[in-house]
Amino acid sequence: MKKRWIFLIAAIALAVLCALAAVLMAANGYSITVGRCMTANGQFLLIDGTTPIVMEDRLHYGALFSDIADGDQILVLHDRIATTYPAQTGAYAVIRLSRGGLDDIPLQVQPQLAELGWIPPTQLDLPETVPEDFSFFLRWGCWGISSYDSKSGVLIKTSDATHPEDYVTEYVLSPEETENIYDMLRTLDINRYPAEYHPDPTLATSPAMTLVLTVRAGGQSRTVTCKNIALIYEASNKKGQAFLSACRDITDLLTATDAWQALPDYEFLYD
């Protein structure tokens, strides 16, 4: 009986100590995250669900990540996660919980890894008929302030506003619109374009435009990102013009909808 009380008191004391440690860690900006490890381009990544986070060795001993490999499940003591793209954090301790492999990296994060150049882009096979899981994401406009995700139906007029939530609505494509866009993207053949692409380096405007096109089908996805390109849908070469025309046609469809038209006028304009 006495031993049971000792174990109970010890367990309560341990729980209290753990709670105090968690409070102290949070107060000082430290957190513990469990995820999968991946190495790419000499960097160590913590895959937290669907988010890749670049880890930096804060101890500077050079051995913090020496015993972990791709796909291993790890526990990381780290400081605050910087909201950059990709996200970044400083690691102070890394414990391997179990061994794994690349097959253990979540499929949902692979488009981001390909977009960042950490894994080869997926070859996307689009059949003649629209697959049940077909969807796409498109970001466009000055600095990429507008976006639409056909999977969720979320349509954003601008992310650059005092109250950006006022510029968010929902729009569900009709079957006919979905089929037309699918045929357009199938004709485009997104596999022809690298993850980082410039439709026409000879053209430039200020401000510039960002285009991000992701096509999803058959459990796979492929993303093409165009950063700091001219704020016009024109290119002096056929390949670049084909990409820009496809993006323009989709944005024309979206911006002509009642859902888009019902959103407030832009708060900020760009010269």
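Residues numbered from 1 in each chain as written. Predicted model: local features only at pLDDT ≥ 70, side-chain atom pairs only at ≥ 80, totals over all residues. Heavy atoms only, no water.

K.L.:
Please clarify how helix 4 (residues 238-255) should be interpreted in this entry.
P.N.:
Because the α-helix completes a turn every 3.6 residues, residues three or four places apart line up on one side. Counted at 1.5 Å a residue, the expected span for helix 4 with its 18 residues is 26 Å, and the 25 Å between its end C-alpha atoms agrees. For helix 4, the set of buried residues is Gly-240, Phe-243, Leu-244, Ser-245, Ala-246, Cys-247, Ile-250, Thr-251 and Leu-254. (Helix = DSSP H or I, 4+ residues; strand = E, 2+ residues; numbered from the N terminus. Expected span 1.5 Å × (residues − 1). Buried < 20%, exposed > 50% of the residue type's maximum accessible area, 1.4 Å probe, protein only.)

K.L.:
Would you mind showing me how to read the sheet that holds strand 1 (residues 31-40) here?
P.N.:
Taken in spatial order, the five strands of this closed barrel run 1-2-3-5-4, and their pairing is mixed. Put simply, the sheet's adjacent strands are angled 55° from each other on average, direction ignored. Relative to strand 2 (residues 43-48), strand 1 runs antiparallel, the two sharing five bridges. In the strand pairing of strand 2, Cys-37 is matched with Leu-46. (Pairing = 2+ DSSP bridges. Axes fitted to C-alpha atoms, helices over the stretch in contact; angles between N-to-C directions.)

K.L.:
What am I meant to see in the layout of surface pockets here?
P.N.:
Using a probe with the size of a water molecule, rolled over the atoms, empty space left in the structure can be pinpointed. In this structure, the second largest pocket occupies an estimated 220 Å³ of space. Considering the residues around the second largest pocket, the lining is formed by 13 residues, among which Gly-141, Cys-142, Ile-145, Leu-231 and Tyr-266 are closest to the centre. Along the lines of polarity and charge, the residues of the lining of the second largest pocket split into 10 nonpolar, three polar and no charged. (1 Å grid on protein atoms, 1.4 Å probe; cavity = no way out; pocket = protein on both sides within 12 Å on 5 of 7 lines; lining within 4 Å. Points joined across faces, edges and corners; volume = space filled by probe spheres on them. Nonpolar A, V, L, I, M, F, W, Y, C, P; charged D, E, K, R; others polar.)

K.L.:
Please clarify how the side chain of Arg-222 should be interpreted in this entry.
P.N.:
Along the polypeptide, Arg-222 turns up in strand 11 (residues 220-229). It turns out Arg-222 is buried and unbridged, and the closest side chain with the opposite charge, Asp-189, is 7.0 Å from it. Within the structure, the side chain of Arg-222 is placed 3.0 Å from the backbone oxygen of Tyr-193, a separation counted as a polar contact. Beyond its immediate sequence surroundings of up to four residues, Arg-222 is in contact with Pro-121, Thr-122, Gln-123, Leu-124, Ile-190, Asn-191, Tyr-193, Leu-213, Thr-214 and Val-215. (Lys, Arg positive; Asp, Glu negative; His and termini not counted. Salt bridge = Lys/Arg side-chain N within 4 Å of Asp/Glu carboxyl O. Polar contact = N/O pair within 3.5 Å; in protein donor to acceptor, adjacent residues only side chain to side chain. Contact = heavy atoms within 4.5 Å.)

K.L.:
Whenever I open this one, the nonpolar core confuses me. Can you help?
P.N.:
Side chains that are nonpolar tend, in soluble globular proteins, to be buried together. Counting residues in hydrophobic clusters, the biggest one holds 35 residues, and the most contacted among them are Phe-136, Trp-140, Leu-185, Leu-211 and Phe-243. Elements with a minimum of two residues in this core: strand 6 (135-140), helix 3 (175-188), strand 10 (209-217), strand 11, helix 4 and helix 5 (258-261). With six residues, the single largest contributor to this core is helix 4. Dropping the residues within four chain positions of it, Phe-136 is found in contact with Tyr-148, Asp-149, Ser-150, Lys-151, Leu-173, Ile-181, Leu-185, Thr-214, Val-215, Arg-216 and Ile-250. (Core = buried A, V, L, I, M, F, W, Y, C linked by side-chain atoms within 4.5 Å.)

K.L.:
I tried to follow the pairing of strand 6 on my own but got confused; where do I start?
P.N.:
Every regular strand shows the same layout, with side chains that alternate between the two sheet faces. With five of its six residues buried, strand 6 lies for the most part within the structure. Note that strand 6 and strand 10 share five bridges and pair antiparallel. Along strand 10, the bridge assignment pairs Phe-136 with Val-215. Inspection of the sheet shows strand 6 paired to strand 7 (residues 146-149) by four bridges, in the antiparallel sense. Counterpart to Arg-139 in the pairing with strand 7 is Ser-147.

None of the figures reported here should be taken as evidence of function without further support.
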